[in-house]
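One-letter residues, chain by chain:
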Amino acid sequence: MLMLLASLVAIAISGAGLWSKHEPLDRPKEQFELQQAGVGGGPITQSVRMEPFSELKYRNITRQAFDYSCGSAALVTIMTYHLGFQVSEQQAMEGMLERGEKEKIIARRGFSLLDMKRYVASLNVESAGFRAEIKDLLNLEHPAIVPIDYAGSKHFVVLRGVRDGIVYIADPSAGNIVFSLKEFATLWDRNTLFIIYPPKNQPFPGKLALNDQELGVTDMDRVKDKGQLKALTDVLPMQRLINGNGGISIRAQ
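Given the structure is predicted, the values throughout are model-derived calculations rather than measurements.

Engineer: Explain unusual backbone geometry to me, please; I cannot follow it from the model alone.
Structural biologist: Negative phi characterises most residues that are not glycine, and trans characterises most peptide bonds. Of note, the phi angle at Arg190 is positive, near 55 degrees, even though the residue is not glycine. Along the chain, Arg190 turns up in the loop between helix 7 (181-187) and strand 8 (192-196). When its relative accessible area of 56% is taken as the criterion, Arg190 is described as exposed. Positive phi, close to 50 degrees, is recorded for Asn191, a residue that is not glycine. Position of Asn191 among the secondary structure elements: in the loop between helix 7 and strand 8.

What follows is the structure, given as structure tokens:
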């Protein structure tokens, strides 16, 4: 009788184990379950998403298609991720070529802030250029396109904001990078900035705004005393076709 009772108890325990077993659930390959100690000592499971560094590095940035197209890529970065316009770099380049001074664009091998202003005006979007000081950057309400000078080359980037002495930059070539305020002051060309304003009384994505999560995980090793930007050593000639499928040609006549 005692042996029979023990057998029944063993079956009940093993049965409970079978009933409590859960089949693994399908989940994205970048997500996994992380066990942590909960309040009171009991274990809890939290879903954690692992994001590739390559995605984080270029999040909310339009990467420039050509060595000379940093201006158009910076412009499209703001138009797309801050204002919510559906515009490609190709469309922006064609628009600036159509409304700008083509000969000057070819001669300088790139687009100017005036070219950008003419293009966004054609979309009924307000914009303005300013000469500013470092202290003015601390209270910017919108991201701004700024020219920087490094390795003897001019380069356009998007200044997202400044927090605690760190300048957050969306670079069409290098991705999301940061500088110390002191170092940025040495790179900033002629203290110029260009702001594209969102339409009045209309919502906009504002994805370039700094967020608490990003501010909390800034790696101070990324804040360099020297700019970690690669020099533009292989600038493609402006004579090449922007669009290999028969788009606008900017060959000099």
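On we go.
Engineer: Any chance you could explain helix 4 (residues 89-99) here in plain terms?
Structural biologist: Note: α-helices contain 3.6 residues per turn, so residues at a spacing of three or four share the same orientation. Glu89, Ala92, Met93, Gly95, Met96 and Leu97 are the residues of helix 4 that are buried. Buried positions along helix 4 lie against helix 3 (70-82), helix 5 (102-108) and helix 6 (113-122).

Engineer: For this particular structure, what's the right way to read helix 3?
Structural biologist: Here helix 3 is 13 residues long and its end C-alpha atoms lie 17 Å apart, about the 18 Å a rise of 1.5 Å per residue gives. Counted residue by residue, helix 3 has eleven buried out of 13 residues, so it is predominantly covered. Of all the positions in helix 3, only Cys70, Gly71, Ser72, Ala73, Ala74, Leu75, Val76, Thr77, Ile78, Met79 and His82 are classed as buried. Where the residues of helix 3 are buried, they touch helix 4, helix 6, strand 4 (144-150), strand 5 (153-163) and strand 8.

Engineer: In this structure, what is going on with the nonpolar core? I would like to understand it.
Structural biologist: In summary, soluble globular proteins display a tendency toward joint burial of nonpolar side chains. Ranked by internal contacts, the top residues of the largest apolar core, which has 29 residues, are Leu75, Met116, Ile145 and Ile196. For this core, the secondary-structure elements that each account for two or more residues are helix 3, helix 4, helix 6, strand 5 and strand 8. Top element by residues in this core is helix 3. It accounts for six residues. Dropping the residues within four chain positions of it, Ile196 is found in contact with Leu75, Ile78, Met79, Leu83, Val120, Val125, Glu126, Ser127 and Ile145.

What counts and what doesn't
Residues numbered from 1 in each chain as written. Predicted model: local features only at pLDDT ≥ 70, side-chain atom pairs only at ≥ 80, totals over all residues. Heavy atoms only, no water. Helix = DSSP H or I, 4+ residues; strand = E, 2+ residues; numbered from the N terminus. Buried < 20%, exposed > 50% of the residue type's maximum accessible area, 1.4 Å probe, protein only. Contact = heavy atoms within 4.5 Å. Expected span 1.5 Å × (residues − 1). Core = buried A, V, L, I, M, F, W, Y, C linked by side-chain atoms within 4.5 Å.

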